[in-house]
Amino acid sequence: MKNSADILQSFDKAERHFDTSRPTRRCGFVMAALLIFLLSLPCLAFSVESPKLTQEELKWIEEHPVVRLAPDPVFSPFEFFDSRGEFKGIAADYMALLEKKLGIHFEPVQLEDWSEVLDQIKVGKVDMISAVMKTKGRTEYLNFSEPYLKFPYVIIASDAEQKELDLRKLKGKSVAVVNKYAIHEFLEKGHPELNLIPVTDYSKGLRGVAFGKYDVFVANLASLSYFIDKEGITNLRVVGESGYFINLSIVVRKDMPELIPILNKGLNMVSEQERSAIFAKWINKLVPPSKQWWQLSREQIIVLLITLIIMVFLSILSWNRRLAREITVRQAVEKSLIVANRNLVKAKEAAEAANRAKSIFLSNMNHELRTPLNAILGFSQLLGHDEQIPSEQRKNIVTINSSGQRLLSLINDVLEVSRVDTGETDITREPFDLPSSIASIEELIRIRTLAKELAFTVDCSDNLPTFVMGDKHHLRQVLLNLLGNAVKYTGSGEIHLNVTTLPEQKIRFEVTDTGPGIGEDEQELIFQAFYQTEDGITKGEGTGLGLTISTELVRLMGGKLTVASTPGEGSRFHFALPLPPTVATPSPDIGNQIIGLATGQAAARILLVDDHPDNQQVAEQILKQIGCEVCIADNGVEAVELFQSWKPQLILMDMRMPVLDGYAATAQIRKLPGGDLVKIVALTASAFKEQRKGILDAGCDEVLHKPFQAHEIFDCLKKHLGLSYTYETAVESATFPVKQQLDMAKALVSSLPDQLRSNLEEAVTLLDVEVSYALIEDVRKVAPELADLLKLRVDEFDFDTLHEVLADD
Ligand code: ADP
């Protein structure tokens, strides 16, 4: 055992430290836990071993299976009964061990106090006491085993006592001892000079010294440690050793000596590990909790080190495995990211390729459809004017032309959607006369509403600006579609167009009708391409593309087309566009028909390059109609040669041709002398911007789309060659109010020859513009006013009104 004073002092120091330092506390806790673990290792490692007992001893045990054990009820921490009456303490644990080793059952008997314990064993009422100090007097009536617990008796005084003391220095001081305990007997006999004050228990002794009632208290170190800890007394310290030790043995009543050798054998079999395990259990009470690692035994240190190494190794291992797992997870995530990325790139490439394919397909289809259509329309137009063709055949030609026109408008619709889809639609910003545009739309719609006997009102804000900046044609297209739909789907009631100004130079357009309305579930769907409601399908008119195109056009012009509708009551379509007022006046429309070059205007030399003879002829006739000189080339090579030999002022160049295409021919011409001055106008069936840019980059001045209208060519020549024309006189449309116009037209139609009237009616039914024009010229011969009125309707593609006017009542 270590020097007791040192132990208690270090205990005391550790206690104070323990209270104020958290990390140490945690560290101390870890150390204590580790210590307990280490101290308990031997228990786990070694199984209970039994002593070698003689036959007599075994026989004795067999005859005495139960031995009555009466411990001192209050000898903590060696032996005591806890609040539930259970036998506890170091001795109790030893007894439990001996029970297992020896196969004897010790039955604890709880007596009043120590005196009673001694009295009862004397008279043989109990057989054994588990922890007794051997004194001479006791040997007379008790048998003692070998001592198995040994602790020093130390002198404890208050903190104020500075000096180290021993028993000799205690003379004249009040010395407390527990009454009748062995140390009492020792001191009484060995140091009669001392002023001994017997106290009933350890608490009294400790408190007496703590409160200055006694100078010192002499007691065994184990009990002192236990009670100081239990009482929470802090102002005491061990000031010296008494020189006595407490040596505890098991005692057996005098007439039972056979048990002593058995107990001794059992105690000898208690291993060092078992002893340590018992001490570890009471360690907080007996051993300073801050016991340092250097105070451990060599074996414990080795075990501790091995444990630490194993723990470090295990943590490294688990850390490594965690890291490996994390790396695996990361690699998997990385892999899937790479795959996802690759897929994305592939998807993007596929989408781009699909888009390109769509453009190429549409462009090709456009070309393939328009090229023959160009010929169909052009020739049927020319033949329609040919007086030599019998009227029966002219009727067929009319049908060809009108069907072609219808097909063209369908192609135009589909392409318009596709153009809008791919962002190819150009929105212009030019000054235009807003009230006039509205008036012209009103006029057009009014005829149709009159025909259907629908009321039609147009309201414009008083402060509506006259000239605004915007896209007149696309606005007109949208309003005509919305108003056209309103007329088409409304059976009775009224149509209303409301145009109002909004802040920020915006103008709101609202088209209201009293038609069938649109169910809430369909109000979004109608804006999708080809979607038609039941009413739309029943009507059998239209394609379901009008609103799709209108929505996109409104969006491109900076607005949003919306609908509000109640089934059975009607619909309201509205949108607002930024249309800032402007002082710039728009260039006047050429409303009149060109009939030739202006007087004094020299004929222009035009080189026409196209591989299709049909197309060549159409363009040639249009050009010759106004007196231009025309030369034709079938491909790019011929074009280059003719440019050099014939020196044209302008070249109409088809871009897709065999041998040498328009791009290459243009490039070659531009390099030749005078090639930089000649105007080259590309003819293409492509409707896409990409090609347009490519064409202009190739050196062309302008792009014309097939099938082109005659006026487009005339505009082009005017723009690039400065040509001026002679016009046919325009028909004054606003001379009569619309209703009167309609009534008048109806009245005049009745005076027409039947054949002419039915031909015209057929042309109108087939939506054949050119034949209608041709027949109107026949009408002119008999009723010029009617011809003007009818021509005005055909100009506006207002076939519904024409039909109404021509129909047999
Ligand atoms: P279309 O009129 O050629 O069928 P639209 O795209 O212009 O195509 O219209 C799509 C559908 O929306 C129509 O078929 C019709 O069912 C419905 N619709 C459009 N305008 C109206 C309206 N004013 N009243 C009732 N239904 C309408």
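Here the structure is shown first, and the text comes after it.
No experiment lies behind these values; they were computed from the predicted model shown. Along each chain, numbering runs from 1 in the same order as the chain's sequence is written. Local features in this predicted model are restricted to residues of pLDDT 70 or higher, and side-chain atom pairs are both shown and tallied only at a pLDDT of 80 or more, whereas totals for entire chains, interfaces and linings draw on every residue. Side-chain measures were taken over the full set of non-hydrogen atoms in the model, leaving aside hydrogen atoms and water.

## Some words on the overall build of the protein chain
Logical step 1: When helices and strands are tallied, the protein chain shows 28 helices and 26 strands.
Logical step 2: By residue count, 45% of the 809 residues in the protein chain fall in the buried class.
Logical step 3: We call two residues in contact whenever any of their non-hydrogen atoms come within 4.5 Å of each other. Sequence separation of at least 24 residues holds for 73% of the intrachain contacts in the protein chain that already meet a minimum separation of 6.
Logical step 4: Residue-level accessible areas treat just the shown protein chains as cover; the underlying method is Shrake-Rupley with a 1.4 Å probe. For the protein chain, the computed accessible surface area is about 41,500 Å², with 55% contributed by carbon and sulfur atoms. Each helix is a run of DSSP H or I of at least 4 residues and each strand a run of E of at least 2, with the numbering of both proceeding from the N terminus. With a 1.4 Å probe rolled over the protein chains alone, any residue whose accessible area is under 20% of its type maximum counts as buried; one over 50% counts as exposed, and the rest are partly exposed.

## Topic: the packing of helix α4 (residues 90-102) against helix α10 (residues 259-268)
Each packed pair of helices is defined by two parameters, the angle between the axes and the distance between the axes.
Logical step 1: Note on method: axes are straight lines fitted to C-alpha atoms, helices fitted across the in-contact stretch only, with angles between N-to-C directions ranging 0 to 180 degrees. Running from amino to carboxyl end, α4 crosses α10 at an angle of 105°, the nearest separation of the two axes being 9 Å. It follows that α4 is roughly perpendicular to α10 by the angle criterion. Residue-level inspection shows Tyr-94, Leu-98, Lys-101 and Leu-102 of α4 in contact with α10, the latter providing Ile-262, Leu-263, Gly-266 and Leu-267.
Logical step 2: Of the residues belonging to the contact of α4 with α10, the class tally is 6 nonpolar, 1 polar and 1 charged. Here the angle decides the label: under 35 degrees means roughly parallel, over 145 means roughly antiparallel, 65 to 115 means roughly perpendicular, and every other value means oblique. Under the scheme applied here, ten amino acids are nonpolar (Ala, Val, Leu, Ile, Met, Phe, Trp, Tyr, Cys and Pro), four are charged (Asp, Glu, Lys and Arg), and all others, including Gly, are polar.

## Quick notes on unusual backbone geometry
For residues other than glycine, phi is negative in most cases, and the peptide bonds are mostly trans.
Logical step 1: Going from Ser-76 to Pro-77, the amide bond is cis rather than trans, its omega being 0°.
Logical step 2: Tracing the backbone shows Pro-77 in the loop between β2 (74-75) and β3 (79-81).
Logical step 3: You will see that Glu-453, though not glycine, has its phi angle at about 55°, which is positive.
Logical step 4: With respect to the helices and strands, the residue Glu-453 is situated in the loop between α15 (434-451) and β14 (455-460).
Logical step 5: Take Glu-453: its relative accessible area is 72%, and that puts it in the exposed class.
Logical step 6: A positive phi angle, near 60°, is found at Gln-505, a position not held by glycine.
Logical step 7: Turning to its location among the elements, Gln-505 is positioned in the loop between β16 (494-502) and β17 (506-513).
Logical step 8: Of the residues examined, Gln-505 reaches a relative accessible area of 48% and is grouped as partly exposed.

## Quick notes on helix α8 (residues 202-210)
Logical step 1: Buried residues dominate α8, accounting for 7 of its 9 residues.
Logical step 2: What α8 keeps buried is the set Tyr-202, Ser-203, Gly-205, Leu-206, Gly-208, Val-209 and Ala-210.
Logical step 3: Looking at where α8 begins, the residue whose side-chain oxygen comes 3.2 Å from the main-chain nitrogen of Ser-203 is Asp-201.
Logical step 4: Where α8 ends, the next residue or the one after it, Gly-212, has phi of about 80°, a positive value. Definition of a polar contact: a pair of N or O atoms within 3.5 Å, with one able to donate and the other able to accept a hydrogen when the atoms are protein atoms, and with sequence-neighbouring residues admitted only if both atoms are side-chain atoms.

## Points about the pattern of salt bridges
Logical step 1: Salt bridge criterion: a side-chain nitrogen from Lys or Arg within 4 Å of a carboxyl oxygen from Asp or Glu. Scanning all chains against the criterion turns up 23 salt bridges.
Logical step 2: Close ionic contact of Arg-253 with Asp-127 constitutes a salt bridge, the shortest N to O distance being 2.4 Å. Of the two residues, Arg-253 is situated in strand β12 (residues 236-253) and Asp-127 in the loop between α5 (114-122) and β6 (128-133); the sequence distance between them amounts to 126 residues.
Logical step 3: Looking at Arg-253, the relative accessible area reads 14%, which means it is buried.
Logical step 4: For Asp-127, a relative accessible area of 3% gives the class buried.

## Some words on the packing of aromatic side chains
Logical step 1: Here a pair means two rings of Phe, Tyr or Trp (six-membered ring of Trp) with centres within 6.5 Å. Their orientation is stacked below 30 degrees between planes, edge-to-face above 60, and tilted elsewhere. This structure, assessed with the given rule, holds 10 aromatic pairs.
Logical step 2: When the centroid spacing of 5.2 Å and the interplanar angle of 10° are considered together, the rings of Phe-186 and Tyr-244 count as stacked. Separated by 58 residues along the polypeptide, Phe-186 in helix α7 (residues 182-190) and Tyr-244 in strand β12 bring together distant segments of the chain.
Logical step 3: On the basis of an interplanar angle of 75° and a centroid distance of 6.4 Å, the ring pair of Phe-527 and Phe-573 is categorised as edge-to-face.

## Some remarks on the pairing of strand β8 (residues 149-158)
Logical step 1: Most of β8 sits inside the fold, with 8 of its 10 residues counted as buried.
Logical step 2: Should DSSP find at least two bridges between two strands, the strands are taken to pair. In this sheet, β12 lies alongside β8 in antiparallel orientation, the contact comprising 9 bridges. The residue of β12 that forms the bridge with Ile-156 is Val-238.
Logical step 3: Across 5 bridges, β8 lies against strand β11 (residues 216-220) in antiparallel orientation. If you follow Tyr-153 over to β11, its bridge partner there is Asn-220.

## Thoughts on the site of the ligand
Logical step 1: Taken together, 20 residues form the shell around the ligand, and within it Asn-485, Asp-513, Gln-532, Thr-533 and Leu-547 come nearest.
Logical step 2: In the model, an oxygen atom of the ligand is placed 3.2 Å from a nitrogen or oxygen of the Gly-546 main chain.
Logical step 3: Taking Leu-547, its main chain carries an N or O atom lying 2.7 Å from an oxygen atom of the ligand.
Logical step 4: Here the ligand, which alone exposes 530 Å², has 98% of that area covered by the protein.
Logical step 5: Only α16 (472-489), α18 (546-556) and β19 (570-578) provide two or more residues apiece to the shell around the ligand.
Logical step 6: A total of 5 residues in the shell around the ligand trace back to one element, the largest contributor, which is α16.
Logical step 7: Looking at the shell around the ligand residue by residue, the classes come out as 8 nonpolar, 10 polar and 2 charged. Nearness is defined per residue: one heavy atom within 4 Å of the molecule or strand is enough.

## Describing the sheet that holds strand β4 (residues 87-88)
Logical step 1: Here we have 3 strands laid out as an open sheet, ordered β2-β3-β4, and antiparallel in their pairing. This sheet does not close on itself; its edge strands, each paired only once, are β2 and β4.
Logical step 2: Sheet analysis places β3 next to β4, joined by 2 bridges and oriented antiparallel. The partner of Phe-81 across the bridge, within β4, is Phe-87.

## Side note on the sheet that holds β19
Logical step 1: Pairing is mixed in the open sheet, where 5 strands are placed in the order β14-β16-β17-β19-β18. Two strands bound the open sheet, and with one partner strand each, they are β14 and β18 (562-566). Averaged over all pairs of adjacent strands, the angle between their axes in this sheet comes to 10°, without regard to strand direction.
Logical step 2: Summarising the sheet, β18 and β19 pair through 5 bridges and their orientation is antiparallel. What sits directly across from Ser-565, in β19, is Ser-571.
Logical step 3: Here α16 sits on the sheet in contact with β14, β16, β17 and β19, set at roughly 20° to β17.

## Regarding the environment of Leu-579
Logical step 1: Counting through the fold element by element, Leu-579 comes out in the loop between β19 and β20 (594-597).
Logical step 2: As for Leu-579 and Pro-465, which are separated by 114 residues in sequence, their C-alpha atoms are 9.2 Å apart.
Logical step 3: Among all residues touching Leu-579, those that are not within four sequence positions of it are Phe-432, Val-468, Met-469, Gly-470, Leu-475, Gln-505, Lys-506, Ile-507 and Phe-509.

## Some words on the pairing of β16
Moving residue by residue along a regular strand, the side chains alternate between the two faces of the sheet.
Logical step 1: Pairing between β14 and β16: 6 bridges, direction parallel. What sits directly across from Asp-459, in β16, is Asn-498.
Logical step 2: Looking at chain direction, β16 and β17 are connected through 8 bridges and run antiparallel. Paired with Thr-500 across the bridge in β17 is Arg-508.
Logical step 3: A loop of 3 residues connects β16 with β17, the two strands running antiparallel in sequence, and Glu-504 in this loop sits at a positive phi of about 60°.

The values are spatial; any link to function lies outside them.
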